Amino acid sequence: MRVITHFGLWLVGLEQAQTQTSAGERACLAKHAAGKRRLVEIGVWHGVTTRVLRSVMDPSATLYAVDPFPVGRLGFSFQYLISHREVGVVRNGQVSWVRLTGAEAARRHREHGIPPVDFIFIDGDHSYEGLQADWTGWNPLVAPGGVVALHDSRDTPANPRPGAGSVRYTSEVILKDPAFEVNDEYESLTVLRRRTP
Ligand SMILES: C[S@@+](CC[C@H](N)C(=O)[O-])C[C@H]1O[C@@H](n2cnc3c(N)ncnc32)[C@H](O)[C@@H]1O
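Now for a look at the structure at hand. Small disclaimer: the values here were computed from a predicted structure and weren't measured.

Calculation notes
- Residues numbered from 1 in each chain as written.
- Predicted model: local features only at pLDDT ≥ 70, side-chain atom pairs only at ≥ 80, totals over all residues.
- Helix = DSSP H or I, 4+ residues; strand = E, 2+ residues; numbered from the N terminus.
- Rg over C-alpha atoms; globule rule 2.2 N^0.38 Å.
- Buried ≥ 20, exposed ≤ 12 C-beta atoms within 10 Å, placed from the backbone.
- Contact = placed C-beta atoms within 7 Å.
- Near = placed C-beta within 6 Å.
- Nonpolar A, V, L, I, M, F, W, Y, C, P; charged D, E, K, R; others polar.
- Axes fitted to C-alpha atoms, helices over the stretch in contact; angles between N-to-C directions.
- Parallel < 35°, antiparallel > 145°, perpendicular 65-115°, else oblique.
- Left-handed = near helix turned anticlockwise from the far one by under 90°.
- Pairing = 2+ DSSP bridges.

### Considering the overall build of the chain
Right, so step 1: For the chain, the count of helices and strands is seven helices and seven strands.
Right, so step 2: For the chain, the succession of helices and strands along the chain, N to C, is α-α-β-α-β-α-β-α-β-α-β-α-β-β.
Right, so step 3: Computed over the C-alpha atoms, the radius of gyration of the chain is 16 Å, within 12% of the 16 Å expected from 2.2 N^0.38 for a compact globule of 197 residues.
Right, so step 4: The principal-axis extent of the C-alpha atoms belonging to the chain is close to 50 × 40 × 30 Å.
Right, so step 5: With 197 residues in all, the chain has 40% of them scored as buried.
Right, so step 6: For the chain, long-range pairs separated by at least 24 residues make up 71% of all intrachain contacts whose partners lie at least 6 apart in sequence.

Below is the structure:
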């Protein structure tokens, strides 16, 4: 459906915010994000998964919602408007909106001296180079015991992604990183945990 048509229908309550995640994947994310205190989501779109993370995190938590929200032909981002309204419905903790790419947001996190995070959901640029930029920027910023969830990181019979860059980068690089262990897998999601020293 065209972006403007969807936006109009969403405004009057005839369409819902969109997501590429399944209900089962969202339940898996909720399980691993529950009670976390410093969370990051890379790739917000309409805020469907951002809203899930906000609803289960600790009441004292901050969730960094990272997305460049590129503007369309009309000079603004419908996704920006939809996500802010959707995520604002949940009253829990704080959401810090970071209108940057994942790699830029990692640099900002370091420059601002923000402590390591205990949960990150990477669901932005799914090309090989895109996931590489997010992983190299953010994996050093994950605290011991912290969780990294990767969307579109597995090829499953129900949802094959042959040759997808994010699937290749996950299997060729991330799964071989000795600092992390696989904690869970569900459909296209891989959930890792940083080992404690
Ligand atoms: C698959 S959608 C995210 C969906 C959302 N997590 C959900 O399921 O509710 C991908 C989003 O990533 C954003 N994006 C694209 N490249 C990015 C990058 N390099 N860093 C951060 N976000 C990016 C896009 O603007 C888009 O909104």
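### Quick notes on the site of the ligand
Right, so step 1: Every one of the 19 residues lining the ligand counts as a neighbour, but Gly43, Trp45, Val48, Thr101 and Gly124 are closest to it.
Right, so step 2: Among the residues making up the shell around the ligand, the classes are represented as six nonpolar, 10 polar and three charged.

### A short note on the packing of helix α6 (residues 128-138) against helix α7 (residues 165-172)
Right, so step 1: Viewed as axis vectors pointing N to C, α6 and α7 meet at an angle of 50 degrees, and their least axial separation amounts to 7 Å. Regarding the angle of α6 to α7, the classification is oblique. You can see that α6 and α7 cross each other, and the crossing is right-handed. In this structure, α6 uses Tyr128, Gly130, Leu131 and Gln132 to contact α7, whose residues at the interface are Gly165, Ser166, Arg168 and Tyr169.
Right, so step 2: Classifying every residue of the contact of α6 with α7 gives three nonpolar, four polar and one charged.

### Section: the environment of leucine 131
Right, so step 1: Here leucine 131 shows up in helix α6.
Right, so step 2: By the C-beta count within 10 Å, which is 28 here, leucine 131 ends up buried.
Right, so step 3: Counting along the chain gives 98 residues from leucine 131 to alanine 33, while the straight-line C-alpha distance between them is 21 Å.
Right, so step 4: If we skip the residues at most four places from it in the chain, leucine 131 touches Ile122, Asp125, His126, Gly165, Ser166 and Tyr169.

### Some details on helix α3 (residues 48-56)
Right, so step 1: Thr49, Thr50, Arg51, Val52, Leu53 and Arg54 are the residues of α3 that are buried.
Right, so step 2: The inward-facing, buried residues of α3 contact α2 (23-33), β1 (38-42), β2 (62-66), α4 (78-88), β3 (94-98) and β4 (117-122).

### Overview of the sheet that holds β3
Right, so step 1: Sheet architecture is open: seven strands sit in the order β3-β2-β1-β4-β5-β7-β6, paired in mixed fashion. Either end of the sheet is taken by a strand with one partner, and the two such strands are β3 and β6 (180-186). Geometrically, the sheet is characterised by an average inter-axis angle of 15 degrees between neighbouring strands, direction not taken into account.

### Some thoughts on unusual backbone geometry
Right, so step 1: The backbone phi angle of aspartate 152 is positive, close to 55 degrees, even though this residue is not glycine.
Right, so step 2: If you trace the backbone, aspartate 152 turns up in the loop between β5 (142-150) and α7.
Right, so step 3: Its 23 C-beta neighbours within 10 Å are what place aspartate 152 among the buried residues.
Right, so step 4: In this structure, glutamate 187 takes a positive phi of about 45 degrees despite not being glycine.
Right, so step 5: As for its position among the elements, glutamate 187 is in the loop between β6 and β7 (189-194).

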